[in-house]
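Next come the chains, spelled out residue by residue.
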Amino acid sequence: MRTRGLAALVSLAVVGAAAWIGGAGSGTRQKTADSWVEVAPGVLRSPGLPAGYALVDGDAALLIDAPHDADGLKARGVKKIDTVLLTHHHRDTCAAAGRLLAAGVKVRAPKASAEWLLPDAVKKYWQESLPLRNSRTAYLVVPVGLEGIDCTLADGQTLDWRGWRLQVVATPGHARDHVAYLVRKAGGPLLAFCGDALAAPGKLWSPYTTDWDHWTDAGLVPTAKSLRTLAALKPSLLLPAHGPVLDKDAVAALEKTAAAVEEVAFLKSFERYTKQRLGNAPQYRFLAKEQAGSNGSLPWSRVSEHLFYTGNTWVLTSKEKGAFLVVDPWGKRSAEQIAKLKKDRNLGPLEVVMFSHAHYDHYDGIYELADRDRMQVWMLDRAAVPVADPFLLRAPFLDARPVRIDRRPKEGETLAWREYRCRFHHLPGQTEFTMGVETTIDGKRCLFTADNWFHQDLYSGTGGWMGLNRSFPSTYAASAQKVLDLAPEWVLAEHGGAFEFDREDWRRRVAWGKAGAKAADVVCVSGNHLADWDPHRVHVEPLVQRAKPGAVLKWTLVAANTAREKRALTVVLDGRGLTPDQAFELGGGVTRRDFTTRLGERLPPGRHIFALRTEDGSDGFLGVDVAP
């Protein structure tokens, strides 16, 4: 598909755009007027990171991405901006897009960006994602949508502007909607404005954005494929948003990055690692294979005399008066199954409920259980945090309804229930908010392990890792080592994945976590996946508060400044004119700093999002729900 729509925009908004060039504000102001530098004939690059680019012809410019003010373009003789092409929706990429639109400049984005840039879609996104009940999220979404933006650019579309030919190339990975622009002027080199597809040879900027769901390689695979696509087009120059222009060995840089990403993608699966990488995977049996992959709708499996299992849910019965304990009730179905088992087995009272981790499909059945006030809920203190207060932290799979946790044992603490002794362990894996519970059942040393691990033939053998879940391969390795040291006889995993403990299998799980950590480190700009793969390293607690207009709210800024060189980290709260802007200068290490915000007296009802601007690539923000 061809269009010459850009050529018609040459004279668009001359007055408005010229005024914008002269002095509009921005999230990152330029220190000098003449700070744009030429990186190729007719191509200027903005200072700072992320970088934007300008194709220049005479006194006119076409911008690729709009992260900063463009004051320096005036010194370069640019008087008007014809249009802006965005590579993706991230707010650091389009920080100045709203002001450009207000000045009358046409701003265009990929079709797929509509979900995170159009006003109604952005409003819907923020309403549904806090708390998030699934794991299909986006990152670095603008607080409010961009009125008037054109989200119609399609893969393969060509655009002409003043002798330049531009082609849209879909490059999903860093974001679902990410595109690159192949650009050439007659007789000139082929330029690839690649946005955040890569930052440097072998490196990705904020790789957590490739976590498209909570456990698979769904984002890493397209990331690598997109890099291979760009390499096949053989550009002469790569012009990234984060990182230097690559004017030598551009194809080699793309292929090196693709290979590094493919290794991380491969290692998202323990099953692949143990069966294909190591080979001769040990054999061990399911404890209730008929339940494998089930959702709790199957009849109960009797794993041992006093242990029953369906889907996510375990029931442990006592010899004393038929009392019973439940681990992980999921919704109405679980409640009905528990009631049926109680009737069929003539059980006594339900006395204790435990939640293995902070995903709603393991605890929201508590709202459906009869006699809620007669039972206690036990959960490891660290795992209980988002369940008890779902608006404190950003995490996936949370129910908006808080749960009262009656007892919060600490790491290594033992609680007694009837004839059982339950020892609690912190087992971060699929999510940081995961506990393991060690106990002996019918003579078998058992360990409830939540969704961290499955039989190697189910769900790739683990619950996966994801930055949004605060889960990483290195913490998986540490938790797997803890299980290896405990050496239970039975691993009471969820979703029908319970299996017999096999020592060699667990040695491999430890090695898998370490291999994944090493591969993840390789693609990180900092060389540390615990930093770059963490969207929360600068965040605010609580995440969302309810308030009335004019209220003064108290918050805590939490920052993990993990730069290897000790340097100050500047964090700016963008009040958007609804609350005053605030800036914080933070040192190295982990910092917690209390602050307040005063809301405007005329703040309209609804959810308002205020972003944190940082240089470290984290995705910090806070939200205020204003009542009518």
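Coordinates for the structure precede this section.
All of the points below concern the structure found in this document. (Residues numbered from 1 in each chain as written. Predicted model: local features only at pLDDT ≥ 70, side-chain atom pairs only at ≥ 80, totals over all residues. Heavy atoms only, no water.)

A word on helix 7 (residues 250-266). Across its 17 residues, helix 7 extends 24 Å between first and last C-alpha, which sits within 8% of the 24 Å expected from 1.5 Å per residue. Along helix 7, the residues classified as buried are Ala250, Ala253, Leu254, Thr257, Ala258, Ala260, Val261, Val264, Ala265 and Phe266. The inward-facing, buried residues of helix 7 contact helix 6 (220-232), strand 13 (237-240), helix 8 (270-278) and helix 12 (503-523). (Helix = DSSP H or I, 4+ residues; strand = E, 2+ residues; numbered from the N terminus. Expected span 1.5 Å × (residues − 1). Buried < 20%, exposed > 50% of the residue type's maximum accessible area, 1.4 Å probe, protein only. Contact = heavy atoms within 4.5 Å.)

Running from N to C, helix 6 and helix 7 cross one another at 165°; their axes reach a closest spacing of 8 Å. Relative to helix 7, the element helix 6 is oriented roughly antiparallel. Note that helix 6 runs across helix 7; the crossing there is left-handed. Of the residues in helix 7, those in contact with Leu220, Val221, Thr223, Ala224, Leu227, Arg228, Leu230 and Ala231 of helix 6 are Val251, Leu254, Glu255, Thr257, Ala258, Ala259, Val261, Glu262, Val264 and Ala265. When grouped by side-chain class, the residues that make up the contact of helix 6 with helix 7 number 13 nonpolar, 2 polar and 3 charged. (Axes fitted to C-alpha atoms, helices over the stretch in contact; angles between N-to-C directions. Parallel < 35°, antiparallel > 145°, perpendicular 65-115°, else oblique. Left-handed = near helix turned anticlockwise from the far one by under 90°. Nonpolar A, V, L, I, M, F, W, Y, C, P; charged D, E, K, R; others polar.)

Our next topic: the nonpolar core. Core analysis: the biggest nonpolar cluster contains 58 residues, and Leu307, Trp314, Val353, Met354, Phe355, Phe424 and Leu492 have the highest contact counts within it. With residues up to four places along the chain from it excluded, the contact list for Trp314 reads Val303, Leu307, Phe308, Tyr309, Leu325, Val326, Val327, Phe448, Leu492, Ala493, Glu494 and Ala498. In terms of nonpolar packing, the next biggest core, distinct from the first, is built from 56 residues, Leu132, Leu140, Tyr273 and Ala520 among them. (Core = buried A, V, L, I, M, F, W, Y, C linked by side-chain atoms within 4.5 Å.)

All right, on to the sheet that holds strand 3 (residues 43-45) then. The mixed open sheet is built from 7 strands, whose spatial order is 2-3-4-5-6-7-8. At either end of the open sheet lies a strand with only one pairing partner, and these are strand 2 (37-40) and strand 8 (150-153). Strand-to-strand twist across the sheet, computed as the mean angle between neighbouring axes with direction ignored, equals 35°. In terms of strand pairing, strand 6 (residues 80-85) meets strand 7 (residues 106-110) through 3 bridges, oriented parallel. Counted as the bridge partner of Val84 is Val107 from strand 7. (Pairing = 2+ DSSP bridges.)

Here Ser301 shows up in strand 14 (residues 301-304). Non-local contacts of Ser301, meaning those with residues more than four positions away in its chain, are made with Ala288, Glu290, Gln291, Leu307, Phe308 and Tyr309.

The next thing to look at is the sheet that holds strand 29 (residues 569-573). Here 5 strands make up an open sheet; going across it, the order is 27-33-32-29-30 and the pairing mixed. The sheet is open, and its two edges are formed by strand 27 (544-547) and strand 30 (582-586), each paired on a single side. The average angle at which neighbouring strand axes cross in this sheet is 20°, direction not considered. One ladder, built from 6 bridges, connects strand 32 (residues 606-613) with strand 33 (residues 621-626); its direction is antiparallel. By the bridge assignment, Ala611 is partnered in strand 33 with Phe621.

In this section: unusual backbone geometry. Residue Leu49 is joined to Pro50 through a cis peptide bond whose omega torsion reads 0°. By the secondary structure assignment, Pro50 is in the loop between strand 3 and strand 4 (53-57). Note the cis peptide between Glu541 and Pro542, where omega equals -5°. Turning to its location among the elements, Pro542 is positioned in the loop between strand 26 (538-541) and strand 27. One non-glycine residue, Asn346, lies in positive phi territory at about 55°. With respect to the helices and strands, the residue Asn346 is situated in the loop between helix 9 (331-345) and strand 18 (350-354). Relative accessible area serves as the criterion here: at 68%, Asn346 is assigned to the exposed category. Its identity is not glycine, yet Arg576 carries a phi of approximately 55°, on the positive side. Looking at the secondary structure, you find Arg576 in the loop between strand 29 and strand 30.

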